[in-house]
Amino acid sequence: MLDSVIFYFFAAIAIASAALMVTRRNAIHSAVFLITTLLATAGIFLQLRAEFLFAVQIILYVGGIMVLFIFVIMLVRLDAPLEKVHFSYQRWVAGLVAFALALEVGATFVLLRRLPGQGSLVLRAAAADKLPPNSEALAESLFSNYLLPFEIASVLLLVAMVGAVIMAKKRT
Amino acid sequence: MHSILNSILNYVHGDGLTILPQMELLLFALGILIFDFLLAENEKHWNAILALMGVAAAGIGLFMQGQRFAADIGYASEHPDQGAFPGLLGFHETIVVDGLFLVFAAIFLAATALVILLSIRYLDLEAEQQGEYYALLLFACIGMMFMASGIDLIVQFLGLETMALSFYVLTGFLRREKRSNEAALKYLLLGGFSSAILAYGFSLLYGASGGFTGIREIAYSLDRRMTTTDAHGVTDWLVILAFVTIAAGLFFKIAAVPFHQWAPDVYEGAPTPITAYISVASKTASFALLLRLMTVVFGGSQPTWVFLMAGVAIASLTWGNLAALTQNNLKRLLAYSSISHVGYVLLGLVAGNLTGLIGIVYYLLAYVFMTLGAFATIIILRQRGIIGDEISDLDGLYQRSPYAAVLLLVFMLSLAGIPPTAGFMGKYFIFQALIETHHPVLAIFAALYIVPALYYYFRIVVHAWVKRPGDAAVPLISDAQLVALTVAAFVTLAAGLYPEPFTRLAHYAIGP
Amino acid sequence: MTPNGFFLEHLWLIPLFPLMSAALMLFFRRLLPKSAVSFLCVGSVLLSFLFACGAVTQLLSAPAYSRVYQQILFEWITPGIFHAAVGMTEFVADWGYLLDPLSCVMVLVVTGVGLLIHIYSIGYMHHEEDYARYFGYLNLFMFAMLTLVLANNLLLLFVGWEGVGLCSYLLIGFYFQRKSACDAGKKAFLVNRIGDAGFLLGIFLIATTLGTVRFTSTGLPDPVTYSGILQTLAAVIDQHRLAYGAPVFTAIALLLFAGATGKSAQLPLYVWLPDAMEGPTPVSALIHAATMVTAGVYMVARMNAIYQVAPLSMDIVAVVGALTAIFAASMAMVQTDIKKVLAYSTISQLGYMFLALGVGAFAAGIFHLMTHAFFKALLFLGAGAVIHALSGEQDLRKMGGLWNTIPRVSRPFMIATFAIAGFPPLAGFFSKDEILSHAFNRSQMMDRFLFLWIIGWITAGLTAFYMFRLFFLAFRGRSRIPTQIEDHIHQPPQSMTFPLLVLMLLSIAGGWFALPVLWGERNYFAEFLDPVLGGIEPDTGTVELGRHPLLKEYLLMAASVAIASLGLWLAYRLFLKNPKLHTKVAEAWPRLYRVLTHKYYVDEIYEALFVNRLKDLSVSLGFLDAKLIDGVAVDGTAALTRFFSRVSMWWDKWIVDGLVNLLAKVSNGFSVPVRMLQTGMFSTYAAMILLGLVILLGYYGHHMQIWVRNLR
Amino acid sequence: MPFLSNHLLSVVLFTPLVGAALLCFVPRALSEYQRLIGNLFGVLGFLVSIPLVRHFSSGSGDFAFKESADWIPSIGAHYALGIDGISLLLVMLTTLLGMLAIFSSWSSIQLRTKEYYILLLLLQTGMLGVFMSLDFFLFYVFWEVMLVPMYFLIGVWGSERRLYAAIKFFLYTLAGSVIMLLAILALYFNATKLTGVQTFDIPSLLASAQFFPDALKGWLFWGFFFAFAIKVPMFPFHTWLPDAHTEAPTAGSVILAGVLLKMGTYGFLRFSLPILPHDLYMRGKIIHIVVVLSLISIIYGAVVCLMQKDMKRLIAYSSVSHMGFCTLGIFALTPHGLSGSVLQQINHGISTGALFLIVGMLYERRHTRLISEFGGLATPMPNFAAIYLIITLSSLGMPLLNGFIGEFTILQGAFEVNHAWAAWATLGIVLGAAYLLWLYQRVVFGNVTHEVNKTLPDLNAREYAVLVPLVIIAFWIGIYPKPFFAVIGKPVERIIQQVNPEFYHNVSPIGEGHSASPVVGAAARVDAAKASVTVVEGR
Amino acid sequence: MMPAGHYLFLSLALFLIGAIGVVTRRNVIIVLMCIELILNSVNINLVAFSRLYGDVAGQAFALFIVADAAAEAAVGLGIIIAFFRNRETVYADEMDILRW
């Protein structure tokens, strides 16, 4: 029961702030709402017993990436001239398409008469106490099964670093 | 000391072998990044040489892999009781070295080498001769190789992202160029969006399969789900959603209609060698990925998506050809034409039989060299003070540089699919596959699209051959460019005149 | 016992002489002086004539029914086997020559008259610059004509047939600077081509019916390998595989006859012959009077076996001949151009010949062909001499009183006029009388064919009338010649008068070969030809005159002489006695006169028919501008085809090609909007990606039902 | 040298290519040398093809001078060459016209001579390859390859609307050939399915095609049909032709009309006929459609000719008409039709090639092709007029010249099958005379209407050298076509045996199935009867 | 434990919101943020499934996704800065040099 309360609470926050993020004029506001969404997601991670990811989400996402975003927003001084029209002119078209997508996904559900939450997806999940300690398990997985992705991720980050440096450095 | 060497050797003969070429590339890429600091402004060419050496080293690594693969396959054929031989597996079966990887990796390496050759003078002209450029090229190549060799969703995704991120940066490498900036930004945003969609699909696939990330396990479990009556349909919508999102992500990468719109803009804005690289290598790598996913994971549901694929293919053919008809920017024109080529390759997937798959590989092989060649000609046009990507910049190329004009003709013929060029052979296999799988109408459609294609390719030829040169100077062609051009032309012609080895290669890639 | 001998063995040389000379003329005309040209050309024809005489003599030495000599030089067209109605057989057209009584007559007429006209041409054309070209064409014509008459199969005959047509085209257009000459040449060629198309189809039909195009296998070593039309026809009828009068025979006969109407200027394809008078006069004499135009007659006679088993076609031939005869004669009465009169007269006389063929009197037809060749050649040459003397004047209204000025011309001309008018004992009398008598016999057999004789009889009167009109206008009465021309009138040179003289003798004596049987003489001519013209039944020859009562014969003769005299008298009254009278007559029947002078408006009808059609179409379709109509009206005969041509062009440009171009335009037109979707706007692209997702999902939304249903 | 004599066809095929390769290395400034080498290889190309005639024996009707080597074993494509009588004639025509075309360009091409000769030589290799290939894959490669040089010949050296014409030619032909490619693939696929052997070998594929179901054969036929119909060109696929012929340089027009169009008819003969369905109804329908299109081509082409103002355009349309005869002959499916058609292809190459050469000569003198610009040329150029006349006559089917033999044989063949076909086609002959003579009259006869024309020089030695061989061949075929028929006969018989075997079994349509011999016997009896009459007379 | 479908639904909602943001926003920085949002929704999926199947692979995957998001953000922001330097704007509808 508590589980559901926690879930619905965080889910509500996540969706609401995501919606707000998309609709705010001010980029900084948007960024702040994104942070809220990410934090809510972190909560859901916790609810799902993914403690390590919860930490990563807060430290890396909220602490790292979003700071970067805000930093850039400041850098490009977009707070000064607020967007006059914050939706671009094709918003109706785009909105329509997105709506159609949502509708189709919904239709897919209805068509199959299997709304999410029903059917065999509600397999009894493994009991929380039977789960191994999350960080350890993840670490083991990362350094055994997913050793190679781990290495590739390092290359990826290297690329990102090099790229960011090249792109952002002042012209010579 | 000796033991360290020993362990390295052990590693190289074990898991290490499966990522040997990537490791070598990485080593050289890092080397370039470091070495770059030591080089004076006028010595930057060494970066390129280092990069080429890296490619060569990777080539040797690839060759070693090939040797081992051949040996193992021989062993497996002598011991059929041990089950089908999937290739050299490594890293907890997240990666495989098989024919497909070997051939595609060879293609990537060749493309990378050619692009490096083409870049040297181009970067000089743009005054952007920097080590990072070559390093990023190699990084991109690493990413593509992982895309081709990964049999785990995570490896594939990370490989894709490595490649994509390198390309975003490379596209925007000419930071002073507005077009380059804009292209990079568009590419990044759209690419990021599509990657996110792809990731969403992967996550669904992970769920639908019951917690697997290896594609073979996923395939196995999906097959079981589909055949067991009990749990039927439950995950169907998940699979569908997964398929749709994955397909959308990959269609974006290969620039198939309607996910193609980034291509012309990015092609136009990016530095031309990078354009060539994107249009060639990125597309080929994404096809490798598509091929793996579609044949392994979604192979069982082929009948359900074949019409979808056909629709996308026809749409790509139509859109690409139509838009190219009146295009005057060479790079955009080739972008549109590459969209139509995607259509042909997808038709191979529609057929889906052995000939079709061979056709895909052959077509991509041909496509790489002929498109690189075509872009190489555009790169040659880039001279001091001339951007050289408008069709009129070609005027009188024949008088100015007959060799380039002749090669351009070869590339255009090949792109159009006129024998005896590689492009024709590629189309040949695709058509053959369509006929074999009883898709005559598709075949007729595809065949007739050669006609408009020829029209716009020959617009280019007309400018190069028939139109009088204006006051344009004789283009200076560097030796490196000449080598690249010649190699591209040689392969394009050789694969058309004597297709046998290339056919074998394609066969090798697909396996028995 | 087959005939043989040197000349027969060298039969192939007869056409070859003129060919070689022609080749020399045409390729080396720059190098040869006029004297050499004359020598070579006349010499070659003389050689042909001598060889022809030799061959005929050697042939005559054989008994009557063995008088066939056939030689095959090589196999010409050998395209392989085919299905004929008689079975599968190999198609072979030889290059071979056949000399039998019929070709004897023809070859002698052709070489003989040809030789005379060559000689005549030396004088007539001596001031011509393109002397060598003229003689080259003339010799080429001799080659073609000799090939025609000596050919041993229909296809080789067709070679000659087309060859003479070509030479006619070239010679009519000899003065190629004159547009009218070129047009006339073209008209001749085209009208002939229409007939030839029929002829060709006839050949095909013969080949597919009988499996061969060779006339006869007589004279060849082996009748099985060398099958002939005559023999196969006999066999087919003999075995009752095709009946006498079978439609296929009629079809063959009529198709061949279509060719003959073109070449021999019969209704309705006669229109080219009057125009053909644009050529030099000796040409008119040789080609358009004596030889080429009779090719049709020769061909029908040659194929008489077919015609005899197709009675319906015989009747049609007779009717067409008779109608042509009177039709042309009526037009000849009012012509003012001396050559045009003769041209219409030629058409009329050819009509007589076809009348003869049609009533089964093949020998009579050939006989008239021969005599006609003599006197008509004489008339033309005479006319040519007159024109020559008058420095090119051809209008009868500007002549007159030449009787004593050029006696070497006027005397032979008068003889020829009497001959053609049919006064005894000149050649024309016998031949024409024989035709009329056969026509009358035909009406005895079938009453409704009496009109054939009546027409022939009336035509005889008309002939006398227009010929004497011509004679009186040209030679008698008051001179109407402008003075500056009159001063230059001169007697023709020897080379021109000699042929006239010879022809005059022939016009007188030519008829005595076939004196009527009732005079107690044998009709040598008919007997001579009987082996060829006797049809496939050897015992039913055409020589049946003896059966008829004498009185009737005499009456017929008297009738024709009487009507000829009437014609003479009328002409005398109208044109000599009282020159004003004929204008009064003309004014009395203005309509008739006008119709006649306008040649029954046939050219105009052809023209108007097409033009009006064209106008209707063009108004209703609204495509064609006035300019086109004007342009087409100028050349009415081609109007319809040109109209179709325009329409076809239009069709080509806007429909056939238009579709292609339209496709190109449409795709180009679509190109721009498609590119416009490439707005450069990021959001559009992103929206497009989403749209793609929608489409993919939508596809599955549709597809899933099936999938799920299958799973359940 | 045994190697050369064993690879005679390869030698013939690649001689022009060697020339082209050699020309690549001649510096651009030395245009005289380029000209020399170009002409040398043109002549050489013809000379090396002469041994083909000498060593060809028309006895078996099978392919001679066969060569075969593996090319793409994985799909069963071979480098396989071979010729039978039909291809022999076409090969000879190609080398001859190729030589003359190169020779005719001596003075008319001053721009980019090197490339010009290279392209002409390449073109020749392509065309020869089409006629020699015994492998479908190879055939298709040559078929397409040849488009490229032709495109450039039109596009670079053509007249005003050259680019339009060139691309139109290319696209039109390409559209047909890609469909043909699919048909080839389908044929290959089905044959492989049938026999289990992967091969592109033409004879064996066509042999397996005999066992295909009729519906499939019908589809295959139409697949091939478009490519060939466009190439021939048959109404309504002909509109590329007037443009291409008109805009191309003289040599290009000569080759286009002389050789390229023959590829279509050759294709019909070699590939389309053997895949005709056996079912008489289906076959009849197909043949009916094709024949009607041929007839329309004949008449339509001729009618359109009457309206042309441009000489080359007129001759181009006349090609439509003449090629209509060829297709008519082919689809008559009788030995006569086929033999005539093959011969007519040669004839058309000779006559129309010569006509284009003639127009080219006028164009070189006056730089216009409008008929109205000429008139009265007989006065300044009498020899020209004479040769022109001969060629005109040959084209309009005057007996003793080549055109007649072909047309007659075709018509005879068509007549055997259907009288109406022949009758309609005969109309084409009549019209043919009309437009050709009218053209001749407007150009050659009459007074000289333009002052410039008064001083036009007559033919020079080089022009004689180009035209006289054609005139000689025209007469040769016209007077003694037997050797040609002999060469064609066997292959044609083979084709008919394969396509229309009933032809050789059918009984005569009239009567109760008598064979030929009794009739001849009866004929002999008639002769005997006549002889007896003779004897009676003799007494 | 909640039914897995609810997590999917949440993730789908975030995905759609993110997609709508990508499509409709002019400011490229916000677009980039929306992409981050989508990646976040992916993570929810992965973690939920991971929990469902009691298997850490999903979490590992999610970790890599985070890494990727970080990398993308870094490069993206770098490019945005470079773009801004040249064009003095970050509005998507003002980048329209490349079109047609």
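No experiment lies behind these values; they were computed from the predicted model shown. (Residues numbered from 1 in each chain as written. Chains lettered and ligands numbered in written order. Predicted model: local features only at pLDDT ≥ 70, side-chain atom pairs only at ≥ 80, totals over all residues. Heavy atoms only, no water.)

Visitor: I'm lost on the overall build of chain C in this one. Help?
Guide: Secondary structure assignment for chain C yields 29 helices and two strands. Taking all 712 residues of chain C together, the buried fraction comes to 63%. Considering only contacts within chain C whose residues lie at least 6 apart along the sequence, 79% involve residues at least 24 apart. Total accessible area on chain C is roughly 24800 Å²; 67% of this is exposed by carbon and sulfur atoms. (Helix = DSSP H or I, 4+ residues; strand = E, 2+ residues; numbered from the N terminus. Buried < 20%, exposed > 50% of the residue type's maximum accessible area, 1.4 Å probe, protein only. Contact = heavy atoms within 4.5 Å. Areas by Shrake-Rupley, 256 points an atom, 1.4 Å probe, with all protein chains shown as cover.)

Visitor: Which parts of the structure should I look at to understand the overall build of chain D?
Guide: For chain D, the count of helices and strands is 21 helices and two strands. A globule of 539 residues ought to have a C-alpha radius of gyration of about 24 Å, and chain D, at 24 Å, matches this closely. Judged by the C-alpha coordinates and their principal axes, chain D covers about 75 × 75 × 45 Å. With 539 residues in all, chain D has 70% of them scored as buried. Intrachain contacts of chain D at a sequence separation of at least 6 include 79% that bridge at least 24 residues. Element-wise, carbon and sulfur atoms account for 68% of the exposed surface of chain D, whose accessible area totals about 15900 Å². The positive charge centre, built from 31 side chains, and the negative charge centre, built from 27, are 4 Å apart in chain D. (Rg over C-alpha atoms; globule rule 2.2 N^0.38 Å. Lys, Arg positive; Asp, Glu negative; His and termini not counted. Charge placed at Lys NZ, Arg CZ, Asp CG, Glu CD.)

Visitor: Explain the packing of helix α19 (residues 440-448) of chain B against helix α8 (residues 162-195) of chain D here, please?
Guide: How two helices pack is summed up by the angle between their axes together with the distance between the axes. The interhelical angle for the contact between α19(B) and α8(D), taken along N-to-C directions, is 145°, at an axis separation of 9 Å. Crossing handedness for the pair α19(B) and α8(D): right-handed. Counted together, Ala443(B), Ile444(B), Ala447(B) and Leu448(B) of α19(B) and Ala175(D), Val178(D), Ile179(D) and Leu182(D) of α8(D) form the full contact between these two elements. In terms of residue class, the contact of α19(B) with α8(D) is built from eight nonpolar, no polar and no charged. (Axes fitted to C-alpha atoms, helices over the stretch in contact; angles between N-to-C directions. Left-handed = near helix turned anticlockwise from the far one by under 90°. Nonpolar A, V, L, I, M, F, W, Y, C, P; charged D, E, K, R; others polar.)

Visitor: Is there a simple way to think about helix α21 (residues 494-509) of chain C in this case?
Guide: For an α-helix, 3.6 residues make a turn, and residues three or four places apart therefore share a direction. Under the 1.5 Å per step criterion, the end-to-end length of α21(C) is 23 Å for 16 residues, consistent within 8% with the ideal 22 Å. For α21(C), every residue scored as buried is listed here: Ser495(C), Met496(C), Thr497(C), Pro499(C), Leu500(C), Leu503(C), Met504(C) and Ser507(C). (Expected span 1.5 Å × (residues − 1).)

Visitor: Can you walk me through the interface of chain D and chain B in this structure?
Guide: Interfaces are often sized by the amount of accessible area the parts lose when they come together. If you look at the interface, chain D gives 36 residues, while chain B gives 38 residues. Across the chain D-chain B interface, the total number found is zero salt bridges. Between chain D and chain B we count four residue pairs in polar contact (both at pLDDT 80 or more) in total. Put simply, the parts of the chain that give the side of chain D that touches chain B at least two residues each are β1 (64-72), α6 (136-145), α7 (147-157) and α8 of chain D. (Salt bridge = Lys/Arg side-chain N within 4 Å of Asp/Glu carboxyl O. Polar contact = N/O pair within 3.5 Å; in protein donor to acceptor, adjacent residues only side chain to side chain.)

Visitor: Where do I start with unusual backbone geometry in this structure?
Guide: A negative phi angle characterises most non-glycine residues, just as the trans form characterises most peptide bonds. Between Val257(B) and Pro258(B) the backbone carries a cis peptide bond, its omega angle lying at 5°. With respect to the helices and strands, Pro258(B) occurs in the loop between α10 (236-254) and α11 (262-269). A cis amide bond, omega 0°, links Pro419(B) with the succeeding residue Pro420(B). Note on placement: Pro420(B) falls in the loop between α17 (402-416) and α18 (422-436). Positioned with a positive phi, Leu333(D) is a non-glycine residue whose angle comes to about 60°. Looking at the secondary structure, you find Leu333(D) in the loop between α14 (311-332) and α15 (335-366). Accessibility expressed as a relative area gives 4% for Leu333(D), which makes it buried. Residue Leu400(D) is not a glycine yet carries a positive backbone phi of 80°.

Visitor: Looking at this model, I keep getting lost on a nonpolar patch on the surface. Mind explaining?
Guide: Residues and elements named next belong to chain B. Residues Phe35, Phe37, Leu38, Trp46, Ile49 and Met53 make up a contiguous nonpolar surface patch of roughly 680 Å² in combined accessible area. Breaking the nonpolar patch down by element, the ones donating at least two residues are α3 (20-38) and α4 (45-78). Inspection of the secondary structure assignment puts Leu38 in helix α3. (Patch = residues over 30% accessible without salt bridge, like charges linked within 9 Å, V, L, I, M, F, W, Y side chains within 5 Å.)

Visitor: I keep staring at the confidence of the model for chain D and nothing clicks. Help me out?
Guide: Segments scoring low in pLDDT should not have their predicted coordinates read at a detailed level. All names here are of chain D. Here chain D averages 85 in pLDDT, while 93% of its residues score no lower than 70. Here residues 507-539 scores under 50 on pLDDT; set against residues more than four positions off or in separate chains, the count is 50 contacts. Interface scoring of the predicted complex returns ipTM 0.87; its pTM is 0.89. (pLDDT = per-residue confidence, 0-100.)

Visitor: Would you take a moment to explain the arrangement of the chains for this structure?
Guide: These two, chain A and chain D, are apart from each other, with no contact and a minimum C-alpha gap of 38 Å. Note that chain D does not reach chain E: the shortest distance linking a C-alpha of one to a C-alpha of the other is 25 Å.

Visitor: Whenever I open this one, the pattern of salt bridges confuses me. Can you help?
Guide: Pairs can form between side chains of opposite charge whenever their charged atoms are close. Per the counting criterion, the structure on display carries 28 salt bridges over all chains. Asp389(B) is the partner of Arg179(B) in a salt bridge, and the nearest nitrogen-oxygen pair spans 3.1 Å. Taken together, the positions of Arg179(B) in helix α8 (residues 178-209) and Asp389(B) in the loop between α15 (354-381) and α16 (397-400) put the pair 210 residues apart, joining distant regions of the chain. Here Arg179(B) matches Asp389(B) in class, with each residue buried. A salt bridge links Asp84(D) to Arg270(D), with the nearest nitrogen and oxygen atoms 2.9 Å apart. Of this pair, Asp84(D) sits in the loop between β2 (77-83) and α4 (85-104) while Arg270(D) sits in helix α12 (residues 250-272), and the two are 186 residues apart along the sequence.

Visitor: Explanation requested: the nonpolar core in the structure shown.
Guide: The biggest cluster of nonpolar side chains holds 793 residues, and the ones touching the most others in it are Leu346(B), Trp76(C), Phe136(D) and Phe137(D). Membership of the second largest hydrophobic core comes to 19 residues, among which are Val359(C), Ile435(C), Ile455(C) and Ala460(C). (Core = buried A, V, L, I, M, F, W, Y, C linked by side-chain atoms within 4.5 Å.)

Visitor: Can you help me understand the packing of aromatic side chains in this one?
Guide: The description of an aromatic ring pair rests on the distance of the ring centres and on the angle between the ring planes. The final tally for this structure, using the stated rule, is 110 aromatic pairs over all chains. Measuring from ring centre to ring centre gives 6.4 Å for Phe136(D) and Phe139(D), while their planes differ by 80°; the resulting arrangement is edge-to-face. In this pair, Phe136(D) and Phe139(D) are both assigned in helix α6, three residues apart and thus about one turn of the helix distant. With respect to burial, Phe136(D) and Phe139(D) carry one shared label: buried. Across the ring face of Tyr131(C), the terminal group of Lys34(C) is positioned such that the distance to the ring centre comes to 5.5 Å. One Lys or Arg, Arg26(E), reaches over the ring of Tyr91(E) and ends 4.2 Å from the middle of that ring. (Phe/Tyr/Trp six-rings, centres within 6.5 Å; stacked < 30°, edge-to-face > 60°. Lys NZ or Arg CZ within 6 Å of the ring centre and 35° of its normal.)

Visitor: Help me understand helix α16 (residues 382-396) of chain D, please; the structure alone is not making it clear to me.
Guide: When the terminal C-alpha atoms of α16(D) are compared, their 21 Å separation across 15 residues agrees well with the 21 Å that a helix rising 1.5 Å per residue should span. The element α16(D) is extensively covered by neighbouring structure, given that 13 of its 15 residues are classed as buried.

Visitor: I'm lost on the side chain of Arg382(B) in this one. Help?
Guide: All names here are of chain B. Examined against the element boundaries, Arg382 turns out to sit in the loop between α15 and α16. The buried category is assigned to Arg382, whose relative accessible area is 13%. A distance of 2.9 Å separates polar atoms of two side chains, one belonging to Arg382 and the other to Glu126. In contact with Arg382, not counting residues within four places along its chain, are Tyr122, Leu125, Glu126 and Ile387.

Visitor: What exactly am I supposed to notice about the confidence of the model for chain C here?
Guide: Residue and element names in this part refer to chain C. Across chain C, the average pLDDT comes to 79, with 85% of residues at or above 70. Within chain C, the element-level pLDDT minimum falls on helix α27 (residues 626-634), averaging 34, and the maximum on helix α12 (residues 295-302), averaging 89. Long-range and interchain partners of residues 537-546, a stretch whose pLDDT sits below 50, account for 13 contacts in this model, where long-range means more than four residues apart. Predicted confidence is poor over residues 610-638, with pLDDT under 50, and the contacts of this stretch with residues over four places away or in other chains come to 28 contacts.

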